[in-house]
Amino acid sequence: MKQLIIATKNQGKAKEFNVFFGQFHINTISLLDLSETIPDIEETGTTFEENAAIKAETIANRMRIPVLADDSGLMIDALDGRPGVYSARYAGEPKSDEANIMKVLGELEGIPAEQRHARFVCVLAIAIPEQETTYYKGFCEGSIVVQPRGTHGFGYDPVFIPDGYTKTMAELAPAEKNNISHRKNAISRLEKDLPYVMEQLAD
Ligand SMILES: O=P(O)(O)OP(=O)(O)OP(=O)(O)OC[C@H]1O[C@@H](n2cnc3c(O)ncnc32)[C@H](O)[C@@H]1O
Ligand SMILES: [Mg+2]
């Protein structure tokens, strides 16, 4: 079975990629699975594309093989698109999903339901040594609840209701999330290039 390295230290993302790529008979390996400790990669970009490229290219250059990275986040209209590319550390260091959620809910206090539109964004970058990095973007539209609900997923899932649903992303079964998520939509775009990427990988 071919193995694709995902340049992420996020366990929630790693699990989702494992399921998505399992469907293509590809085994995914995150930075958490490697025996060597990979130093944290500084995400100094100001766009999802820049940060996805930094992560994918850093690991591709280090390991000399094709690498996929994911940079994603939540954009809330009423907050002018924040937390956006700063979603992971919105409430500061150390990175905490719970603190990020509390900060967002605090900033939205008093804002009525119809003005709580938000979208999840996912940019995937594939870096192959000596080749141009390629990008694939996906969205998921929805809105932000007042009280967190649900235990599935990760990150902002407990406060995000996808359009057309009444459950939060964290109340949906993982398979339901994976049917409609920003990550799923980005992977759908990547699919056409997957045979080429896999050709570049050893068995
Ligand atoms: O950079 P890596 O190591 O991949 O892991 P990370 O958690 O730092 O990931 P990002 O830099 O891409 O930041 C994305 C943040 O946006 C949030 N996020 C992304 N995808 C999400 C999803 O499917 N559900 C809920 N929150 C999500 C989540 O809180 C992440 O911390
Ligand atoms: Mg990150």
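Residues numbered from 1 in each chain as written. Chains lettered and ligands numbered in written order. Predicted model: local features only at pLDDT ≥ 70, side-chain atom pairs only at ≥ 80, totals over all residues. Heavy atoms only, no water.

Describing the sheet that holds strand β3 (residues 67–76)
The six strands are arranged β2-β1-β3-β4-β5-β6 in an open sheet whose pairing can be described as mixed. The open sheet has two edge strands, β2 (26–30) and β6 (160–162), and neither has a second partner. If you compare each strand with its neighbour and ignore which way they point, the axes differ by 35° on average. The pairing of strand β5 (residues 134–144) with β6 spans three bridges and is classified as antiparallel. Directly across from S143, in β6, lies its bridge partner I161. Running over the sheet, helix α1 (residues 11–22) touches β1 (2–6), β2, β3 and β4 (117–127) and is turned about 165° from β2. (Pairing = 2+ DSSP bridges. Helix = DSSP H or I, 4+ residues; strand = E, 2+ residues; numbered from the N terminus. Axes fitted to C-alpha atoms, helices over the stretch in contact; angles between N-to-C directions. Contact = heavy atoms within 4.5 Å.)

Digging into the environment of P66
Within the secondary structure, P66 is located in the loop between α2 (48–63) and β3. Sequence spacing of P66 and I38 is 28 residues, and the spatial spacing of their C-alpha atoms is 16 Å. Among all residues touching P66, those that are not within four sequence positions of it are L4, A127, I128, P129, V197, Q200 and L201.

Digging into the site of ligand 1
Near ligand 1 lie 22 residues; those nearest to it are T8, K13, K55, D157 and K177. Within the contact set of ligand 1, an oxygen atom lies 2.9 Å away from a side-chain nitrogen or oxygen of E43. One of the side-chain nitrogen or oxygen atoms of K95 is found 2.9 Å away from an oxygen atom of ligand 1. Summarising the interface, the protein chains cover 96% of the accessible area of ligand 1, which totals 600 Å² for the free molecule. Most atoms of ligand 1, that is more than half of them, are within 2 Å of grid points of the largest pocket. (Near = heavy atom within 4 Å. Polar contact = N/O pair within 3.5 Å; in protein donor to acceptor, adjacent residues only side chain to side chain. Areas by Shrake-Rupley, 256 points an atom, 1.4 Å probe, with all protein chains shown as cover. 1 Å grid on protein atoms, 1.4 Å probe; cavity = no way out; pocket = protein on both sides within 12 Å on 5 of 7 lines; lining within 4 Å. Sits in = over half its atoms within 2 Å of the grid points.)

Points about the nonpolar core
If you look at the biggest cluster of nonpolar residues, it comprises 20 residues, and the most contacted ones within it are L74, I76, I144, Y156 and F160. Listed by contribution, the elements that provide at least two residues to this core are β3, α3 (97–107), β4, β5 and β6. Ranked by the residues each element gives to this core, the list is headed by α3, at three residues. When neighbours within four sequence positions are excluded, Y156 is seen to be in contact with L74, P83, S87, Y90, N100, I101, V104 and F120. (Core = buried A, V, L, I, M, F, W, Y, C linked by side-chain atoms within 4.5 Å. Buried < 20%, exposed > 50% of the residue type's maximum accessible area, 1.4 Å probe, protein only.)

Considering the pairing of β3
Within β3, nine of the ten residues are buried, which leaves the element mostly enclosed by the surrounding structure. As judged from the ten bridges shared by β3 and β4, these two strands associate in the antiparallel manner. Each residue of the ladder has a partner; that of A69, found in β4, is A125.

Focus on the UniProt feature "binding site: Mg(2+)" (unreviewed entry) in the chain
Under the UniProt annotation, the feature "binding site: Mg(2+)" (unreviewed entry) is placed at E42 and D71. Considering the C-alpha atoms alone, the annotated residues occupy 30 residues of sequence yet fold into one spot, their largest mutual distance being 12.3 Å. For the largest pocket, the lining residues among the annotations just cited are E42 and D71. Mapped onto the elements, E42 comes out in the loop between β2 and α2. Mapped onto the elements of the fold, D71 is located in strand β3. By relative accessible area, D71 is classed as buried at 3%. Beyond its immediate chain neighbours, meaning those up to four positions away, D71 contacts K13, E43, T47, F48, N51, A52, K55, V121, C122 and V123. Polar contacts involving the side chain of D71 include one to the side chain of K55, which spans 2.9 Å. (UniProt positions renumbered as here; feature names shortened; annotations may be inferred.)

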